[in-house]
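# Structural overview
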Number of protein chains: 2
Amino acid sequence: MKLGLKDIEKAKERIVPFVHNTPILSSTLLNEYLGHEIFFKAENFQKIGAFKARGGVNTVAWLLETGQKPNHIVANSSGNHAQAVAYAAKQFGIPATVFMPEYSSKVKIQATRSYGAEVILSKTRDITDQKVREAAQKKGTYWVPPFNHDQVICGQGTAVYEAFHQVKDIDAVFTPCGGGGLTSGSLIATRGLSPKAKMFGVEPLNANDAAESLRKGSIQRLSGIPDTLADGAMTMAVGDITFEYLKQLDGFYEINEDDLVYWTQWLTHLLKCRIEPTCAMPMEAIRQWLRTQKTKQRVLMVISGGNVDQPTTLKIWENDCLTQIPQR
Amino acid sequence: MKLGLKDIEKAKERIVPFVHNTPILSSTLLNEYLGHEIFFKAENFQKIGAFKARGGVNTVAWLLETGQKPNHIVANSSGNHAQAVAYAAKQFGIPATVFMPEYSSKVKIQATRSYGAEVILSKTRDITDQKVREAAQKKGTYWVPPFNHDQVICGQGTAVYEAFHQVKDIDAVFTPCGGGGLTSGSLIATRGLSPKAKMFGVEPLNANDAAESLRKGSIQRLSGIPDTLADGAMTMAVGDITFEYLKQLDGFYEINEDDLVYWTQWLTHLLKCRIEPTCAMPMEAIRQWLRTQKTKQRVLMVISGGNVDQPTTLKIWENDCLTQIPQR
């Protein structure tokens, strides 16, 4: 692996003043239901409500540290990365412009603006992407990509890095996988801190480009916008940098929409947290993996974020899953 | 006041091994919106998901301490008090029977059973109340009431007691008011620890028996089951013990259902927490009170619980309130 534990440690040092060391949550009831111990790194309580703050802040801090301070930062995103870059730029007093598709959740657009970034809305994702490319041409402008970037990866890896210092003897780590930034960073941290621990990625079955890529040995792209509630994992393809790390995972899970809704309801209920559907995928993967284990396991899961809009909330709670207790 | 700070301190000592000292939450964005500082004592992260664990545990621990150990504990409740008594009884190895109406949320019935209590369901609240009265006749059986009891009040008061040690210079405290146990205990703690701080109670306008009682100077009873999403404040009347404390509040607010839904959505969104609609009432009262203040205030609010079932969740999120940013 190109990046190692030292790179994560450096990222951690850079971001400490600007992000939270989020708490570890657990549920006695869930542990009783499953017969194992599950620890949740609660990045929904992170700045901007998602782990993305880590990668954003680390990248901007690294630019300054290496004498590359830009006079303008740009990014394109419909989601948490938009807020992360706006937040990061603000911490270092650098003007930021974030290009977002009009269909982005109003709540995320508002929040991005409230961190002081200029938000430019476009009709489609394609126009958004075109505009950021143009803006990035300007001298002194730095484009912070959402995942395919060493410093973004190292920033995201600090969540699992911290968790290993908060909980001892972790047997396995599960993270949701969109573009692969969080999963890659978590892999580096896990391999560096606990070579015996297993590390798994998880994706929605309806947006399984990473799983397909791993099966075929080359990066596969989704053919159209996927139909999944896990909006944080709707990325069309992983990156060439992140793909190299994904190949080294101990396994990869694809989760259907029913299971995703089921665990969004149950984790919300048990942990009393606001949880994006994207975070509920790893929980189903954990349940499936635990069924193959003969001894009691200690599992770490990253709750990646808590930014959910009203239409998504209604979809999540359409049917009542809380009447069916989780089964081993 | 009959009870004082010493009684709360004793309760705190009793319950320490069995309940969480819950964290204080805050939202930078909310504080910016309102121009003041709001601190939330997060009792949704308490054992059983609500402050009620405090009163339940304190009462049972006090029975043991004073040589009154019962051989059977009973309670009647459709909600968090059922779970609290089940949890408390389990901690001291005392068998418990909880009488609940059939229409109680399945999630709360399940949870009460999972704490080891026998749950007996009845068609109506009246039959439930009749059954607990009969059960309580048996020698050696103790009936833990939901609010009108010194030790229940002192237990509930420990939440605000802790909060005053977690946050300094609080100007005002707001709590939701159902039967008045939390509000009474909070008043005792507030007066004892910070005589200059104001203390307010808050009720749904559609279940405003306490406000009516305060206006008329005698305990008023609701004429029928109230139509409010704040199920934690649907109590038909306050008790003779709690009423004496409620009379000493600095003010009392009645909140309509629209504002209640608005703040349930916004606090869920900003704090990334699962929040009962009951807890959102004080937030609207805080906004109203802050409008009358000329200087920056530091306000404490108790998030009373996080147990919400699926039908209630759907009602809360029926319309999108997140598009309207909170106004001063």
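Sequence positions are assigned chain by chain, starting from 1 and proceeding in written order. Lettering for chains starts from A, numbering for ligands starts from 1, and both go in the order in which the items are written. A pLDDT threshold of at least 70 governs which residues receive local features in this predicted model, and a stricter bar of 80 or more applies before side-chain atom pairs are shown or counted, although totals over entire chains, interfaces and linings include all residues. Side-chain metrics in this entry use all non-hydrogen atoms of the structure; hydrogen atoms and water are not considered.

## Examining the interface of chain B and chain A
Contacts between residues were defined by any pair of non-hydrogen atoms, one from each residue, lying within 4.5 Å. Each side of the interface is counted separately: chain B has 31 residues, and chain A has 31 residues. Of the roughly 2,600 Å² buried between chain B and chain A, counting both surfaces, carbon and sulfur atoms make up 61%. Once two parts are brought into contact, the accessible area they lose, counted with a 1.4 Å probe and summed over both, makes up the buried area. Three residues stand out in chain B for area buried against chain A, namely Lys272, Gln310 and Trp317 of chain B, and they jointly supply 26% of the buried area on that side. Side-chain atoms alone can form a polar contact between residues adjacent in sequence; in general such a contact is a pair of N or O atoms within 3.5 Å, and within protein one must be able to donate a hydrogen while the other accepts it. Counting every contact that joins chain B to chain A gives 13 residue pairs in polar contact (both at pLDDT 80 or more). Numbered from the N terminus, helices here are DSSP runs of H or I no shorter than four residues, and strands are runs of E no shorter than two. Counting residues per element, the ones that place at least two in the side of chain B that touches chain A are α2 (28-34), α5 (106-114), α11 (257-271) and α13 (310-316) of chain B.

## Some words on the nonpolar core
Buried Ala, Val, Leu, Ile, Met, Phe, Trp, Tyr and Cys residues that are joined via side-chain atoms within 4.5 Å together make up what is termed a nonpolar core. Buried residues are those whose accessible area, probed at 1.4 Å on protein chains only, stays under 20% of the maximum for their type, while exposed residues exceed 50% and partly exposed ones sit between those limits. One finds Phe40, Phe174 and Met283 of chain A together with Phe40, Phe174 and Met283 of chain B to be the most contacted residues of the largest nonpolar core, which totals 90 residues. Leave out the neighbours within four places in its chain, and Phe174 of chain A touches Phe200, Val202, Tyr253, Pro282, Ala285, Ile286, Trp289, Val299, Leu300, Met301 and Val302 of chain A.

## So, the relation of the copies chain B and chain A
Take chain B, turn it by 180°, move it 0.0 Å along the axis, and it overlays chain A with an RMSD of 0.0 Å. Within this description, the copies of the chain are treated as partners about a two-fold rotation axis. Taking C-alpha positions as reference, the residue of chain B nearest the rotation axis is Cys273 of chain B, located at 2.2 Å. We superpose the copies by least squares over the C-alpha atoms of residues that have a pLDDT of at least 70 in both of them.

## Considering the pattern of salt bridges
Residue and element names in this part refer to chain B. Salt bridges are defined as contacts in which a side-chain nitrogen from Lys or Arg sits within 4 Å of a carboxyl oxygen from Asp or Glu. A full pass over the atoms with the stated rule returns 32 salt bridges over all chains. Among the salt bridges present, the one from Glu65 reaches Arg14, with a minimum N-O distance of 2.8 Å. Taken together, the residues span a long stretch of sequence, with Glu65 in helix α3 (residues 52-65) and Arg14 in helix α1 (residues 5-15) at a distance of 51 residues. In this structure, Arg54 engages Glu43 in a salt bridge whose closest nitrogen and oxygen atoms are separated by 2.7 Å.

## Focus on the packing of helix α1 (residues 5-15) of chain A against helix α3 (residues 52-65) of chain A
A pair of packed helices is captured by two measures, namely the crossing angle of their axes and the spacing between those axes. All names here are of chain A. Fitted lines through C-alpha atoms serve as axes, helices being fitted only where they are in contact, and the angles separating the N-to-C directions of these axes extend from 0 to 180 degrees. At their nearest, the axes of α1 and α3 sit 9 Å apart, and the two run at 90° to each other. Looking at the two axes, α1 sits roughly perpendicular to α3. Residues Ala11, Arg14 and Ile15 of α1 lie in contact with α3, whose contacting residues are Arg54, Val57, Asn58, Ala61, Trp62 and Glu65. If an angle is under 35 degrees, it is roughly parallel; if it is over 145, roughly antiparallel; if it lies from 65 to 115, roughly perpendicular; otherwise it is oblique.

## Remarks on the packing of aromatic side chains
Paired rings are identified among Phe, Tyr and Trp, the last through its six-membered ring, by centres lying within 6.5 Å, and are further divided according to the angle between planes into stacked (under 30 degrees), edge-to-face (over 60) and tilted (the rest). Inspection of the entire model under this criterion finds 21 aromatic pairs over all chains. Each member of the aromatic cluster is reached from another via a ring pair, and the members are Tyr33, Tyr262, Trp263 and Trp266 of chain A.

## Quick look at the packing of α3 of chain B against helix α7 (residues 150-166) of chain B
Residues and elements named next belong to chain B. It is the contact of α3 with α7, at a shortest axis distance of 7 Å, that shows an interaxial angle of 130°. Of the possible angle classes, the one that applies to α3 and α7 is oblique. Remark: the crossing between α3 and α7 carries right-handed chirality. Packed against α3, whose contacting residues are Lys52, Arg54, Gly55, Asn58, Thr59 and Trp62, the element α7 presents Gln151, Val152, Cys154, Gly155, Gln156, Thr158, Ala159 and Glu162 at the interface. Gly falls in the polar group here, along with every residue not listed as nonpolar (Ala, Val, Leu, Ile, Met, Phe, Trp, Tyr, Cys, Pro) or charged (Asp, Glu, Lys, Arg). In the contact of α3 with α7, the residues fall into four nonpolar, seven polar and three charged. Definitions for this section: a left-handed crossing has its near helix turned counterclockwise from the far helix by less than a right angle. A right-handed crossing has that turn clockwise.

## Considerations on helix α7 (residues 150-166) of chain A
Residue and element names in this part refer to chain A. With 17 residues, α7 should cover 24 Å at 1.5 Å per step; its first-to-last C-alpha distance of 25 Å lies within 8% of that length. To get the bend at a residue, fit one axis to the 7 residues ending there and another to the 7 starting there, then take the angle between the axes. Along α7, the sharpest change in direction is near 30° and occurs at Thr158. Of all the 17 residues making up α7, 15 are buried; the element is thus mostly covered by neighbouring parts of the structure. The length a helix should cover is 1.5 Å for every residue beyond the first.

## Some points on the sheet that holds strand β3 (residues 72-76) of chain B
All names here are of chain B. Here the rule is simple: two strands pair whenever DSSP picks up at least two bridges between them. Spatial strand order, β5-β4-β3-β6: four strands in an open sheet with parallel pairing. The two strands at the open ends of the sheet, each matched to only one other strand, are β5 (118-122) and β6 (141-143). Across the sheet, the mean angle separating the axes of adjacent strands is 20° when strand polarity is ignored. Two strands pair when backbone bridges link them, and β3 and strand β4 (residues 96-101) are joined in this way by four bridges, in the parallel orientation. Bridge pairing links Asn76 to Phe99 in β4.

## Notes on the sheet that holds strand β8 (residues 198-204) of chain B
Residue and element names in this part refer to chain B. With mixed pairing, the six strands of this open sheet are ordered in space as β1-β2-β10-β7-β8-β9. Among the strands making up the open sheet, the edge pair consists of β1 (24-25) and β9 (251-255). The sheet contact formed by β1 and strand β2 (residues 37-42) spans two bridges and is antiparallel. Its bridge partner lying in β2, Ile24 is registered against Lys41. In this fold helix α9 (residues 209-216) packs onto β8 and β9, with an angle of close to 140° to the strand it touches most, β9. Helix-sheet contacts for helix α12 (residues 277-290) involve β2, β7 (172-176), β8, β9 and β10 (298-303), and the interaxial angle to β7 is about 145°.

## Remarks on unusual backbone geometry
All names here are of chain A. Positive phi outside glycine occurs at Ile48, with the angle close to 60°. As for its placement among the helices and strands, Ile48 is situated in the loop between β2 (37-42) and α3. Ile48 sits in the buried class, given a relative accessible area of 6%. The backbone phi angle of Asp169 is positive, close to 55°, even though this residue is not glycine. Structurally, Asp169 can be placed in the loop between α7 and β7 (172-176).

## Details of the pairing of β9 of chain B
Residue and element names in this part refer to chain B. Of all five residues in β9, four are buried; the element is thus mostly enclosed. Of the strand pairs in this sheet, β8 and β9 are connected by five bridges, and their pairing is parallel. From the neighbouring strand, Val202 faces β9, where its bridge partner is Tyr253.

## Some details on the environment of Gly179 of chain A
Its place among the elements puts Gly179 of chain A in the loop between β7 and α8 (181-193). Taking C-alpha positions, Gly179 of chain A is 6.4 Å from Ala237 of chain A, a pair spaced 58 residues apart along the chain.

## Some details on the domain arrangement of chain A
All names here are of chain A. By the assigned domains, chain A splits into domain 1 (5-50 + 150-316) and domain 2 (52-143). Taken residue by residue, the interface counts 25 residues in domain 1 and 19 residues in domain 2. Counting each side, the surface lost to burial between domain 1 and domain 2 is near 1,900 Å², with a carbon and sulfur contribution of 57%. Considering only the surface of domain 1 that becomes buried against domain 2, Arg14, Phe18 and Ile48 emerge as the three largest contributors, covering 37% of it. Linking domain 1 with domain 2 are four salt bridges, by the criterion used here. Its salt-bridge partner being Asp231, residue Lys108 comes within 3.7 Å of it at the nearest N-O pair. In this structure, the connection of domain 1 to domain 2 is made through 14 residue pairs in polar contact (both at pLDDT 80 or more). Among the secondary structure elements, those contributing two or more residues to the side of domain 1 that touches domain 2 are α1 and α7. The biggest single contributor to the side of domain 1 that touches domain 2 is α7, with eight residues. The residue inventory of the side of domain 1 that touches domain 2, partitioned by class, reads nine nonpolar, eight polar and eight charged. Note that the domain bounds were set by an automatic or database domain assignment.

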